[in-house]
Amino acid sequence: MELFIYGITNSVTLALIALGFSLTFGISGVANFAYGAFYLLGGILTWVFMNQIGIPYFLSAIISIGMVGLFGFFLYWGLMLRLRGLAVNEVIATLATAIVIIEVLRYLGFSGFTYVLPEFIKGSVQIGKSWVDYQRIFLVGIGIGLIIFLYLFTHKTKIGLSFRAISQNERTAISLGIDSDWTAALSLSFGSALAVVAGLVILPLGSIDTQIGYDILLSALAVGIVGGLESVPGILVASLILGFGQIVVATFFKAQWQTVVTLAAIVIILAVKPSGIFGKYKELEERV
Amino acid sequence: MAEAIKYRKERIDRGIKARSDTIYMLSSYRELLYLLLPRILPISFLLLVPLWVGGGYWGKVIFYSCTFALLALSWDLLASVGLISLGQALFFGVGSYVAGGFNYYLKWPIFLTIPVATLGGALICTLLLIPVLRLRGVYFSMVTLILPLLFDHLIETLEILGGTHGLLSLSPFPNHWLADYIAIGAVILCLFGFRRLLHEDYGFVLRGIREDDRVVMAGGINIYWYKAQTIFLSAAVGCFAGALMTHYYQFVGRSAFALDNTILPLAGVVLGGSGNFAGSVLGTFILVPLSEALRALGGLRMALYSLILITALAILPEGLFHYFERKYHQFERLVSV
């Protein structure tokens, strides 16, 4: 039972982390390796607004979501637009952006126990034999809600459909009147904002450490790659597999094996089926 | 619309380039010099600079620049078959640990560990990457980004090869001149060797694979075999750099797999310009001394490299070397439209 509860919360955490990354890299095909950095930046911005400027929590959360979203948009408009189409240069540019953000934040010293975001409601509840704090329940709820939202968004709304269109075939999308630059910029912006949302839900469970900027990117990559980058059900299945896998490994072996399992899963899936378990779009492009 | 454009820029090869393009037409010392100068200048610079700075701090900087230049050259070779690596740290780390391991556990002398690390490390890296040879573009890059992290965590978790402490007190080089000149010799050899290689028939196949792999396959050439060979060669250079650094520091630890060892060579290549090897050497020889001068910044150095990387990508995507090369070979003038 304990295993099940931890497994579920861990899986939903992974899914939450992967959603925004998958929206940009998977669904609209823009590589955003600055994802972990945005997650971190959002958390720290919220902390700064609350504790140094004194804005109430919800307002500062909304402001930081908006700011990081805008930052993502301008990252695309200012930098990525020049590199569009050269997928590898996009990766290099966003990875470099991530390093700039994370290392500057590390230099400014935003790490440690002083930097804690508030939980939505304090306290915990007993399920079976184990105590679960309310924040984790919120996390599961918000995670499931966001997955449903993302599925509806990419399948029912016009913007969501155009995201998927430019990923499947950019030229055809342009000929159907979709402005591919605008759509790609929007997707980067939405993905970055989702990173902050995930951060605001997950970060209260611990203190902020700049290293998570890299770790979050790895988790997001792992879930995205294992599940298949463009597929929302894929994210769900992959985060269940990885989430339970990590918990099982941590319970029966050592906690450090978690990361090894995640990384090994990425390498194996990339070697065997690079588009992931549920991926379909890019099977022809990714290998010869 | 803007005003109608009256002039456009025209680029024409200098006469001297046209005359000296084929070696048979050299007719003056000036033309000879035009061809030789760009080759002799960097060689003599590399050979003389250790004599000038001597040992000490800046001698160390020259050594670092050479090892990172080797990593950048290895990156550029991989890129010339279209394999974009984000994990030079993999080659560097494997080379470091093979050299360090043999020296630490078996007490092999330094002139044995370095060749073994070069060839053995290259073999290990090639075997690791063979399963993903079929991947293209970003997917290959992601595998190479993950692998060094995986090794880093494996060493930490399994506590093998010294675990988090690393392997200490390995044998040093007999003196710093030897270390410097081995590194410099390797840079010169790789620089001119790779440039020649890519202009041989073999290199045409490699460049063909980068341009359009399916056409090369249709030509009846086994592209996987060529890719594997290139990875071996490139990994050998990277592992050699790692082994040199290990014995120079007399230490190998998990930092060998760190992201720095990927980002620095990459920033060097992007700044200098990829595709002709000279750019990678130029870029690293600008960046490494610059970063040593900025050592006071501490942790911000990684941020600085990345910033240079972004700026170079956005403003001068062709790289410094291509720019200078163009100025050397061609002149520009405005002509009316």
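Residues numbered from 1 in each chain as written. Chains lettered and ligands numbered in written order. Predicted model: local features only at pLDDT ≥ 70, side-chain atom pairs only at ≥ 80, totals over all residues.

A. Inspection of the overall build of chain B at higher detail. Within chain B one finds 14 helices and two strands. Radius of gyration (C-alpha) of chain B: 22 Å, near the 20 Å computed for a compact globule of 337 residues. Oriented by its inertia axes, the alpha-carbon framework of chain B measures out at about 70 × 50 × 45 Å. For chain B, with 337 residues in total, the buried portion stands at 45%. (Helix = DSSP H or I, 4+ residues; strand = E, 2+ residues; numbered from the N terminus. Rg over C-alpha atoms; globule rule 2.2 N^0.38 Å. Buried ≥ 20, exposed ≤ 12 C-beta atoms within 10 Å, placed from the backbone.)

B. Representation of the overall build of chain A in the model. Looking only at helices and strands, chain A has 11 helices and two strands in total. Sequence-ordered secondary structure for chain A, helices as α and strands as β, is α-α-α-α-β-β-α-α-α-α-α-α-α. Its C-alpha atoms give chain A a radius of gyration of 19 Å, near enough to 19 Å, the size a compact globule of 288 residues would have. Considered along the principal axes of its C-alpha atoms, chain A spans approximately 55 × 45 × 35 Å. In chain A, which comprises 288 residues, the proportion classed as buried is 52%.

C. Just the interface of chain A and chain B, in detail. Each partner contributes residues to the interface: chain A has 35 residues there, and chain B has 34 residues. For the side of chain A that touches chain B, the secondary structure elements donating two or more residues are α3 (57–83), α4 (87–107) and α11 (257–272) of chain A. Residue contributions to the side of chain A that touches chain B peak at 14 residues, all from α4(A). Classifying every residue of the side of chain A that touches chain B gives 24 nonpolar, four polar and seven charged. (Contact = placed C-beta atoms within 7 Å. Nonpolar A, V, L, I, M, F, W, Y, C, P; charged D, E, K, R; others polar.)

D. Inspection of the pairing of strand β1 (residues 7–13) of chain B at higher detail. Residue and element names in this part refer to chain B. In terms of burial, β1 is largely open, as just zero of its seven residues are buried. Bridging between β1 and strand β2 (residues 330–336) involves seven bridges; their strand directions are antiparallel. Bridging from a neighbouring strand, Tyr7 pairs with Ser336 of β2. (Pairing = 2+ DSSP bridges.)

E. Molecular detail of the domain arrangement of chain B. Residue and element names in this part refer to chain B. In terms of domain boundaries, chain B breaks down into domain 1 (15–53) and domain 2 (58–258). Spacing between the C-alpha centres of domain 1 and domain 2 amounts to 30 Å. Contacts between the two partners involve six residues from domain 1 and, on the opposite side, nine residues from domain 2. (Domains from an automatic or database assignment.)

F. Spatial organisation of the packing of helix α6 (residues 158–168) of chain A against helix α8 (residues 180–202) of chain A. All names here are of chain A. Where α6 contacts α8, the two axes come as close as 10 Å, and the packing angle between them is 110 degrees. In terms of axis orientation, α6 runs roughly perpendicular to α8. Across the interface between the two elements, Ile159, Ser162, Phe163 and Ile166 of α6 pack against Ser180, Thr183, Ala184, Leu186 and Ser187 of α8. For the contact of α6 with α8, the residue count by class is five nonpolar, four polar and no charged. (Axes fitted to C-alpha atoms, helices over the stretch in contact; angles between N-to-C directions. Parallel < 35°, antiparallel > 145°, perpendicular 65-115°, else oblique.)

G. Molecular detail of the nonpolar core. Counting residues in hydrophobic clusters, the biggest one holds 189 residues, and the most contacted among them are Leu19(A), Val223(A), Leu70(B), Leu73(B), Val187(B), Cys239(B) and Leu309(B). The biggest single contributor to this core is α8(A), with 13 residues. Discounting residues that sit within four places of it in the chain, Val187(B) has contacts with Leu46(B), Cys66(B), Ala69(B), Leu70(B) and Val281(B). (Core = buried A, V, L, I, M, F, W, Y, C linked by C-beta atoms within 7 Å.)

H. Representation of unusual backbone geometry within the structure. Residue and element names in this part refer to chain B. A positive phi is found at Gln250, a non-glycine position, where the angle reads about 60 degrees. With respect to the helices and strands, the residue Gln250 is situated in the loop between α10 (223–249) and α11 (260–272). A positive phi is found at Phe277, a non-glycine position, where the angle reads about 65 degrees. By the secondary structure assignment, Phe277 is in the loop between α11 and α12 (278–293).

I. Molecular detail of helix α4 (residues 88–105) of chain B. Residues and elements named next belong to chain B. Here α4 is 18 residues long and its end C-alpha atoms lie 26 Å apart, about the 26 Å a rise of 1.5 Å per residue gives. Counting buried positions along α4 gives 17 out of 18 residues, so the element sits mostly inside the fold. One or two positions beyond α4, positive phi appears at Lys107, with a value near 60 degrees. (Expected span 1.5 Å × (residues − 1).)

J. Looking closely at the confidence of the model for chain B. Residues and elements named next belong to chain B. Summing up the model confidence of chain B, the mean pLDDT is 85 and the portion of residues at 70 or higher is 98%. Model confidence for chain B, summarised as mean pLDDT per element, is weakest for helix α1 (residues 15–20) at 78 and strongest for α10 at 92. Of the two predicted TM-score estimates for the complex, the pTM is 0.85 and the ipTM is 0.77. (pLDDT = per-residue confidence, 0-100.)

K. The arrangement of the packing of α4(B) against helix α6 (residues 137–158) of chain B in detail. Residues and elements named next belong to chain B. Where α4 meets α6, the closest approach of the two axes is 7 Å, and the angle between their N-to-C directions is 35 degrees. Along its contact with α4, which presents Ala89, Leu90 and Gly93, the element α6 presents Thr144, Leu147, Pro148 and Phe151. For the contact of α4 with α6, a count of residues per class yields five nonpolar, two polar and no charged.

L. Looking closely at the environment of Ala198(A). Residues and elements named next belong to chain A. In this fold, Ala198 is placed in helix α8. The exposure class assigned to Ala198 is buried, which follows from the 29 C-beta atoms found within 10 Å. In this structure the C-alpha to C-alpha distance between Ala198 and Leu146, which are 52 residues apart in sequence, comes to 9.7 Å. Those residues in contact with Ala198, other than ones at most four positions away along the chain, are Leu16, Ile17, Leu19, Gly20 and Tyr39.

M. The arrangement of the environment of Arg8(B) in detail. Residue and element names in this part refer to chain B. With respect to the helices and strands, Arg8 occurs in strand β1. Accessibility expressed as a C-beta count within 10 Å gives 9 for Arg8, which makes it exposed. Between the C-alpha atoms of Arg8 and Leu112, which are 104 residues apart in sequence, the distance is 60 Å. If we skip the residues at most four places from it in the chain, Arg8 touches Val335 and Val337.

N. Broad picture of the environment of Ser255(B). In this structure, Ser255(B) sits in the loop between α10 and α11. As a C-alpha pair, Ser255(B) and Arg301(B) span 46 residues in sequence and 16 Å in three-dimensional space.

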